[in-house]
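# Topology and contacts: notes
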Amino acid sequence: MARAQGVGSVKGSVKRVLIELTTRCGITGWGEAAPWEVFTNTPESAFSTLDVYLRPVIQGHPARRLRELLAKLDRTVTGSTDAKAGVEMAVLDILGKAQGVSVSDLLGGRVRDSIPLSFSIADPDFAADLARMHAMVPAGNRLFKVKTGVKPHAEDMAHLEAIRDAFGDTVDLRLDYNQALEPFRAMAVLRDVDRFRPTFIEQPVPRRHLDAMAGFAQALDTPILADESCFDATDLLEIVRRQAADAISVKLMKCGGMLAAQRMMAIADTAGLPGYGGTLWEGGIALAAGTQMIAATPGISLGCEFYMPHHVLTEDVLEARIPNENGAVVVPTGPGLGINVTEASLRHGAKVLAEA
């Protein structure tokens with residue numbers, strides 16, 4: 001696996017921390033902490049946080065008192081949003097299984113049963129990605145997000161031209177700079193790519209430059225989407241105050257879980273900012289949680305990028321991968337997260353580096 005984007009690159013494998021919680025009555029829930037060291041945290045830190053600091057708080061706590069548990073985790077360790085998101089999804093998995101309902105039912109009920117899937121054009125070999133598009137578009141995939149700013153601007157322009165020449169307006173094109181541009185030269189670059197009529201331009205400059213983001217949002221026809229500038233509800237309030245974005249990327253590993261994501265979207269809905277289901281390098285467990293959350297959150301209307309298990313990862317720990325149909329992720333309907341993890345699937349789909 002090789003993926004390149006403005007904030008960092010990945011080649012080979014990714015590390016994730018899997019969380020298995022079991023109640024006294026024998027119900028098991030699964031969670032996943034999927035940090036990325038250039039974005040949120042390191043997997044080694046997440047593992048240590050869970051094993052050393054959060055384990056004593058979690059053990060013996062009533063599963064039904066989830067909000068109380070999350071508050072205790074916040075008092076025990078600051079940050080570590082990825083670890084806390086993993087704990088929350090495992091507990092919600094337990095609660096859903098105990099009641100025979102899906103996590104999306106616990107989060108308020110579904111407004112959608114499938115989520116349009118956005119595939120990221122991030123292969124260092126653009127020709128390989130273009131070939132993937134030629135296979136994916138006839139299969140119903142329409143959303144494609146090009147990772148720009150990694151290569152020279154002229155090369156980005158040539159790639160965008162090639163995509164529009166090949167597919168015209170049949171594809172919903174998005175751009176993501178992952179903070180790759182500096183504010184001083186960004187406007188000229190963004191005016192150039194504006195002509196390709198993308199649905200949004202994601203995080204063109206480093207996260208702290210909210211005034212520059214506000215300038216882009218005001219000056220460009222293309223909406224600006226905040227990702228690295230918007231980790232949590234506090235960040236979002238500042239974005240709304242400064243009018244620094246037109247939409248936001250919601251990631252469980254950034255904000256700390258599904259309940260926190262829904263709290264963020266309550267603010268975004270009030271301000272008129274739609275959400276997009278972003279991802280880091282999650283596997284099937286965390287992506288199942290993401291689909292359940294988006295299914296129950298009306299404002300996340302710009303699709304999701306939960307493409308890794310089908311299109312990038314060669315192994316996963318689920319017995320069966322979450323279905324993709326006609327360019328969309330189908331939200332699992334079973335109880336809890338709607339997934340199955342067995343000892344066999346776990347050992348087959350993961351190289352175990354450490355065990356708590």
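Residues numbered from 1 in each chain as written. Predicted model: local features only at pLDDT ≥ 70, side-chain atom pairs only at ≥ 80, totals over all residues. Heavy atoms only, no water.

The name given to the protein in an unreviewed UniProt entry is Cycloisomerase, with the source organism recorded as Teichococcus aerophilus.

### Remarks on the sheet that holds strand S5 (residues 114–116)
Read across the open sheet, the three strands follow the order S5-S14-S13; overall the sheet is antiparallel. Each of the sheet's edge strands pairs with one partner strand only, and the pair in question is S5 and strand S13 (324–325). Strand direction decides the pairing type here: S13 and strand S14 (residues 328–330), joined by two bridges, are antiparallel. Each residue of the ladder has a partner; that of Asn-324, found in S14, is Val-329. (Pairing = 2+ DSSP bridges. Helix = DSSP H or I, 4+ residues; strand = E, 2+ residues; numbered from the N terminus.)

### Details of the pattern of salt bridges
In the structure shown here, the tally under the stated rule is 24 salt bridges. The shortest N-O distance in the salt bridge between Asp-169 and Arg-164 comes to 3.9 Å. Residue classification places Asp-169 among the exposed positions, given a relative accessible area of 54%. Arg-207 is the salt-bridge partner of Asp-235, the closest N and O atoms lying 3.1 Å from each other. Here the residue Asp-235 occupies a position in helix H9 (residues 233–242), and Arg-207 occupies one in the loop between strand S9 (201–202) and helix H8 (210–219), the gap between them amounting to 28 residues. For Asp-235, a relative accessible area of 19% puts it in the buried group. Look at Arg-207 and you get partly exposed, because its relative accessible area is 38%. The structure contains a network of salt bridges with shared partners spanning Lys-145, Lys-147, Asp-176, Glu-202 and Glu-305. (Salt bridge = Lys/Arg side-chain N within 4 Å of Asp/Glu carboxyl O. Buried < 20%, exposed > 50% of the residue type's maximum accessible area, 1.4 Å probe, protein only.)

### Some points on helix H6 (residues 153–167)
Taking 1.5 Å per residue as the helical rise, H6 with its 15 residues ought to reach 21 Å, and the 21 Å between its terminal C-alpha atoms agrees with that figure. Buried within H6 we find Asp-156, Met-157, His-159, Leu-160, Ile-163, Arg-164 and Phe-167. The buried residues of H6 occupy one face: seen down the axis, they fall within an arc of 165°. Looking at H6, the residues exposed on the side facing more than 90 degrees away from the buried face are Ala-154 and Asp-165. (Expected span 1.5 Å × (residues − 1). Arc of directions from axis to C-beta.)

### Focus on the nonpolar core
Formed by 109 residues in total, the largest nonpolar core has its most connected members in Ile-163, Ile-248, Met-258, Ile-285 and Met-293. For this core, the element with the most residues is helix H3 (residues 81–99), which contributes nine residues. Apart from the residues within four sequence positions on either side, Met-258 is in contact with Glu-88, Met-89, Leu-92, Val-103, Leu-107, Leu-252, Ala-289 and Met-293. If you look at the next biggest cluster of nonpolar residues, it comprises five residues, including Phe-200, Leu-225, Tyr-276 and Leu-302. (Core = buried A, V, L, I, M, F, W, Y, C linked by side-chain atoms within 4.5 Å. Contact = heavy atoms within 4.5 Å.)

### Notes on the environment of Lys-254
Relative to the elements of secondary structure, Lys-254 occurs in helix H10 (residues 252–255). Residue class for Lys-254 comes out buried when judged on its relative accessible area of 2%. Sequence separation between Lys-254 and Ser-48 is 206 residues, and the spatial gap between their C-alpha atoms is 18 Å. What Lys-254 contacts, discounting residues up to four positions off in sequence, is Phe-39, Thr-40, Thr-81, Asp-227, Cys-230, Phe-231 and Ser-249.

### A closer look at the sheet that holds strand S12 (residues 275–277)
The strand order S6-S7-S8-S9-S10-S11-S12 describes an open sheet built from seven strands, whose pairing is parallel. Taken across any chain shown, the strands that pair with only one partner, and hence form the sheet edges, are strand S6 (118–121) and S12. Alignment of strand S7 (residues 143–147) against strand S8 (residues 172–176), held across five bridges, turns out to be parallel. By the bridge assignment, Val-146 is partnered in S8 with Leu-175. Here helix H5 (residues 126–136) sits on the sheet and contacts S6 and S7; the angle it forms with S6, its principal contact strand, is near 155°. (Axes fitted to C-alpha atoms, helices over the stretch in contact; angles between N-to-C directions.)

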